[in-house]
Amino acid sequence: AVVSTQSTGSLIDNNNTELCTREEGEKVPPLKIMMTGKVEVPEVVVTAEEHGFTFKLMAGIINPRVKEHTKVHKLSLLNGSKLHLQFDMRASLPFTLLDSKTEYTLNPRQKIKLGHGLVLSEKLLGALLGSSRQHFCLQFDKTAGKYIEADEGAVEVDVEEQLLHKSHEVSAADGTVETVVQQVPEKRYHLHSHLLLNYRNGHQQRIPVHSRIVLPTFYISPQAVEFGTCLVGQVSHLTVRLINPSNSPIRWTSTFSGDTSDGEFSISPSSGEFTHADSVLLNITFTAKTCNPSTGTYAFTGSPGNRTLHLSLSGVGSHDERMQRLL
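Some details on the sheet that holds strand β20 (residues 271-274)
Phase 1: Taken in spatial order, the 5 strands make up an open sheet running β16-β23-β22-β18-β20, and their pairing is mixed. At either margin of the open sheet sits one strand with a lone partner, and together these are β16 (224-231) and β20. Each strand of the sheet is rotated relative to its neighbour by a mean of 20°, with strand direction disregarded.
Phase 2: In this structure, β16 lies alongside strand β23 (residues 308-318), joined through 6 bridges in parallel fashion. Following the sheet pairing, C230 is matched in β23 by G317.

Describing the nonpolar core
Phase 1: Of all hydrophobic cores here, the largest spans 38 residues; its most connected members are V44, L77, M89, L128, L191 and I213.
Phase 2: Examining the composition of this core, we find that 5 residues originate from one element, strand β13 (residues 177-199), more than from any other.
Phase 3: Each residue touching V44, except ones within four places of it in the same chain, is listed here: L77, L78, L85, F87, L106, L197, Y199 and Q205.

Some remarks on the packing of aromatic side chains
Phase 1: With the rule as written, the count across this model stands at 11 aromatic pairs.
Phase 2: On the numbers, 6.2 Å between centres and 55° between planes, the contact of F55 with F95 is tilted. One end of the pair, F55, is in strand β4 (residues 54-58); the other, F95, is in strand β7 (residues 95-97), and 40 residues separate them in sequence.
Phase 3: Site record: aromatic cluster; members linked through ring pairs are F227, W252, F256, F265, F286, Y298 and F300.

Side note on the pattern of salt bridges
Phase 1: This structure, assessed with the given rule, holds 8 salt bridges.
Phase 2: The partner of E149 in a salt bridge is R133, and the shortest N-O contact between them spans 3.1 Å. One end of the pair, E149, is in strand β11 (residues 146-150); the other, R133, is in the loop between α1 (122-129) and β10 (135-141), with 16 residues separating them in the sequence.
Phase 3: We classify E149 as partly exposed; its relative accessible area is 33%.
Phase 4: For D151, the salt bridge goes to R133, with nearest N and O atoms at 3.1 Å. Taken as a pair, D151 in the loop between β11 and β12 (155-171) and R133 in the loop between α1 and β10 lie far apart in primary sequence, 18 residues in all.
Phase 5: Of the residues examined, D151 reaches a relative accessible area of 64% and is grouped as exposed.
Phase 6: R133 gets classed as partly exposed once you look at its relative accessible area, which sits at 34%.
Phase 7: In this structure, a network of salt bridges that share partners links the residues R133, E149 and D151.

Remarks on the environment of K166
Phase 1: Tracing the chain through its elements places K166 in strand β12.
Phase 2: C-alpha of K166 to C-alpha of Y219: the two residues are 53 residues apart in sequence and 9.6 Å apart in space.
Phase 3: When sequence neighbours within four positions are dropped, the list of residues in contact with K166 reads V180, V181, Q182, V184, Y219 and P245.

Considerations on the sheet that holds strand β17 (residues 235-244)
As a general point, the strands of a sheet are linked pairwise by backbone hydrogen bonds and lie either parallel or antiparallel.
Phase 1: Strand order in the open sheet made by the 4 strands is β15-β17-β21-β19, with antiparallel pairing throughout. Either end of the sheet is taken by a strand with one partner, and the two such strands are β15 (219-221) and β19 (263-268). Averaged over all pairs of adjacent strands, the angle between strand axes in this sheet comes to 25°, irrespective of strand direction.
Phase 2: With 3 bridges connecting them, β15 and β17 associate as antiparallel partners. If you follow S221 over to β17, its bridge partner there is R241.

What about the confidence of the model for the chain?
Phase 1: Chain-level pLDDT for the chain is 87 on average; 88% of the residues reach the 70-or-more range.
Phase 2: Predicted confidence is poor over residues 1-7, with pLDDT under 50, and the contacts of this stretch with residues over four places away or in other chains come to 16 contacts.

Some remarks on unusual backbone geometry
Phase 1: The omega angle of the peptide bond from L93 to P94 is 15°, so this bond is cis rather than trans.
Phase 2: Structurally, P94 is set in the loop between β6 (85-90) and β7.
Phase 3: A positive phi angle, near 70°, is found at R109, a position not held by glycine.
Phase 4: Assignment of secondary structure puts R109 in the loop between β8 (103-106) and β9 (111-121).
Phase 5: Taking the relative accessible area as the measure of exposure, R109 reaches 63% and is therefore exposed.
Phase 6: Phi angles above zero are rare outside glycine, and N306 is one such case at about 60°.
Phase 7: In this fold, N306 is placed in the loop between β22 (293-303) and β23.

So, α1
Phase 1: Among all positions in α1, only L124, L125, A127 and L128 are buried. Taken around the axis of α1, the buried residues stretch over an arc of 160°, which confines them to a single face.

Details of the pairing of β19
Phase 1: Because side chains alternate across β19, one face comprises the buried residues G263, F265 and I267, and the other comprises E264, S266 and S268, none of which is buried.
Phase 2: Relative to strand β21 (residues 278-288), β19 is paired through 6 bridges, and the arrangement is antiparallel. When the sheet's bridge partners are listed, E264 is paired in β21 with T287.

Calculation criteria
Residues numbered from 1 in each chain as written. Predicted model: local features only at pLDDT ≥ 70, side-chain atom pairs only at ≥ 80, totals over all residues. Heavy atoms only, no water. Pairing = 2+ DSSP bridges. Helix = DSSP H or I, 4+ residues; strand = E, 2+ residues; numbered from the N terminus. Axes fitted to C-alpha atoms, helices over the stretch in contact; angles between N-to-C directions. Core = buried A, V, L, I, M, F, W, Y, C linked by side-chain atoms within 4.5 Å. Buried < 20%, exposed > 50% of the residue type's maximum accessible area, 1.4 Å probe, protein only. Contact = heavy atoms within 4.5 Å. Phe/Tyr/Trp six-rings, centres within 6.5 Å; stacked < 30°, edge-to-face > 60°. Salt bridge = Lys/Arg side-chain N within 4 Å of Asp/Glu carboxyl O. pLDDT = per-residue confidence, 0-100. Arc of directions from axis to C-beta.

Given below as structure tokens:
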């Protein structure tokens, strides 16, 4: 407000109010004081022991004798607040909690230890191998008793494919040894989910958990065998090596395809199993029946994963007895 007077004297000493007038001035907006606050919801502190929250498994541990395998890690839950915390804890398959109860009450400064795990099973491997997508989600359907692939789900899956460079030694015909480097494909499945802690006040705490499942792989060296010219009726022998470069168990079988009217190929052993990183020497034989060329292929299939290798074979027969001396 603006005050005007007609006197040069002090307004305090002037009792003549008729000489004073009040005029409206500029309006001043209300003063606002902004105040913010942060309310922290108390949560338990979850820590993993030794191997952390990531499970690493080889798919080859699942076989006709072992249908299911659970890998277990330990975790600790600490109530670091001054309040009593009540919550239930859940996991989504194939991740699991090993404690029989799901509801917990932790006093201030109380600490408990629990086991959580990853259940690797035939059903899980079947769902992983059955998908052709690089990213998808899995949900376990309790009614159907199997994993269902979906666009959204409790468990996310990422597929990684890479080429491994593996080396091995090969003995040449002249007695020398050379090192051969071969590219071997390997497939890995990365699973991502959460352990869920649902508190009584409605708050939810999510603990990320992960798993890496590696499919077994194997390769053969060499990939082609040429017997050359062999005497008809004589059995010729050559060898190849089947190699498992990883520590994952793998089972393998072989099947032959080709015409056996002019010559017959055989292999020994024709099937087997690797329990760890190893190799096996395979004996290949060829018996010529006629002087015509013979060809064939052995297909090797590994399980789990159904990786397939091919070994090409060729040979030709001869009735020339000089060939027997040369052989």
